[in-house]
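Notes for the structure review
The lines below spell out each chain.
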Amino acid sequence: MYSHFHITGKMSYLLLSALLLTSSFVSISSRLHHSSVIILGQKLHANSTMTKNLQMRLEKGVEQVFNVENCTCIIMSGGAATDTDKDTDINTDTNTNTNTNTDNDKKPNIVDFFCGAGGLSLGFFQAGYKIAFANDIEKVCIETYKYNHPWVNDKKIVHGNIKEVLKDLKNLINVDIDVVAGGPPCQGFSSANQQRIINDPRNTLYKDFLLAIKNIGPKVILMENVRGMLPYADQVLEDIRSISYNKNGKHYSYDVKFRLLSSEDFGVAQKRIRLFFIGIRKDISCEKKTTPDMIFDDAIKISSTFNKYTLGDALSYIKPLDAPRIKNQTEIDHETTGKKVDINSYI
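A brief structural summary. In every chain, residue numbers begin from 1 and rise along the written sequence. Local features in this predicted model are restricted to residues of pLDDT 70 or higher, and side-chain atom pairs are both shown and tallied only at a pLDDT of 80 or more, whereas totals for entire chains, interfaces and linings draw on every residue. Computation of side-chain values covers all heavy atoms of the structure but excludes hydrogens and water.

Considerations on the overall build of the chain
How we decide: Helix and strand definitions here come from DSSP, where helices need a minimum of 4 consecutive H or I residues and strands a minimum of 2 consecutive E residues; each element is numbered from the N-terminal end. Buried means the residue's accessible area, taken with a 1.4 Å probe over protein chains only, is under 20% of the maximum for its type, while exposed means over 50%, and partly exposed covers the values in between. Two residues qualify as a contact provided that any one of their heavy atoms is within 4.5 Å of a heavy atom in the partner residue. Only the protein chains shown count as cover for residues, with accessible areas throughout obtained via the Shrake-Rupley method and a probe of 1.4 Å.
A tally of helices and strands in the chain yields 12 helices and 14 strands. Counting only residues that meet the buried cut, the chain has 46% of its 347 residues in that class. When contacts within the chain are restricted to residue pairs at least 6 apart in sequence, those whose partners lie at least 24 apart make up 63%. Put simply, the chain shows about 17800 Å² of open surface, and 50% of that area lies on carbon and sulfur atoms.

The following block contains the structure:
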């Protein structure tokens, strides 16, 4: 029925604190010809500020908005936002009636390397950050990222190798960056590997990520990786602490800590343990009287207020379907056996 269809999703969580607001979101982008469906982890009414802003800024690209339990589904046509529209972030605060460029300019800026489908970016956006730049080497990730983040200027979502991005950073990023985030692939994890991970030729992307931090000079660093990196966490601390640079006549370096965090503790119906590193530039740490350990402690404290969910909870609002009795019917839409895309009226 639909010649071009893909559905991708990414669930992510962020650290909840004064600097980094932890949240759990599911973002799914489904492309139907020239239309897409965005599912946001926030229930909004048809006359909400976000809906109105979407309608205004996407040049009538919003065809329909409807709520499913605690999510809002926004169907967008191929009428994409102009670059000017996308330069102004959409305000998702339903209690705010205005969204000015002045307010947008005050938002802290984030760069998301190895951005994937945009889970980390979405969490930061929901926390009030502006996506200044995003990069991934996988084309399908970039396409999905654009559908998941229609408010971000396409020119700021770059497909390519981080090595090439580093060569053109000054042209690609022309604003001060508050946060650099990313989860660089790091494959030299063998327990038999006796060399430092930064020197392992398989970990060039990790090394490039550190170089990006040095060249950009953000106030805060957020790095996440699989828990298999834990035996090498102290090496990562040393590597990030060794980053130093001069900017505007001042010398800068970072205070860094790490913790293991599980998504199930942050309201996600999935047990996914990840290793997080938070680095704060020392001048900011001193000015704000904030340390990475304080941020982690706040995040863990706040996580205790989140409800625990299971897979059954996550799937409880999907209407029941019958298995097809005829072979090779997976591409056939049917009321009782399911459709590739459907509005869940079951609830």
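Examining the packing of aromatic side chains
Note the following rule: In this scheme Phe, Tyr and Trp rings, the latter by its six-membered ring, pair at centre separations within 6.5 Å, and the angle between planes marks the pair as stacked below 30 degrees, edge-to-face above 60, and tilted otherwise. Lysine and arginine charges are scored as sitting over a ring when NZ or CZ, respectively, is within 6 Å of the ring centre and within 35 degrees of the ring normal.
Per the stated rule, a full pass over the model turns up 9 aromatic pairs. Ring centres of Phe124 and Tyr129 lie 5.0 Å apart, and the angle between their planes is 80 degrees; this geometry places the pair in the edge-to-face category. A relative accessible area of 1% places Phe124 in the buried class. On the basis of relative accessible area, Tyr129 is assigned to the buried category, the value being 8%. Ring geometry for Phe125 versus Trp151: centroids 4.2 Å apart, planes at 15 degrees, classification stacked. Of the two residues, Phe125 is situated in helix α4 (residues 119–126) and Trp151 in the loop between α5 (139–148) and β8 (157–159); the sequence distance between them amounts to 26 residues. As far as the burial class goes, Phe125 and Trp151 line up, both buried. Following the ring pairs from residue to residue traces out a cluster consisting of Phe113, Phe114, Phe133 and Phe209. The aromatic ring of Tyr252 is capped on one face by Arg281, whose charged end is 4.3 Å from the ring centroid.

Some details on the sheet that holds strand β10 (residues 220–226)
In plain terms, the rule: When DSSP finds two or more bridges between a pair of strands, those strands are recorded as paired. Axes, fitted as lines to C-alpha atoms, cover a helix only where it is in contact. Angles between the N-to-C directions of the axes lie from 0 to 180 degrees.
One open sheet holds the 7 strands; their spatial order is β8-β7-β6-β9-β10-β14-β13, and the pairing between them is mixed. Of all the strands in the sheet, the pair left with one neighbour each is β8 and β13 (254–262). Put simply, the sheet's adjacent strands are angled 15 degrees from each other on average, direction ignored. Here strand β7 (residues 130–136) runs beside β8; their pairing, made up of 3 bridges, is parallel. The partner of Ala134 across the bridge, within β8, is Ile157. Each of β6 (109–113), β9 (179–182), β10 and β13 is contacted by helix α8 (residues 204–216), which is oriented at about 170 degrees to β9, the strand it contacts most.

Taken by themselves, the reported measurements are silent on function.
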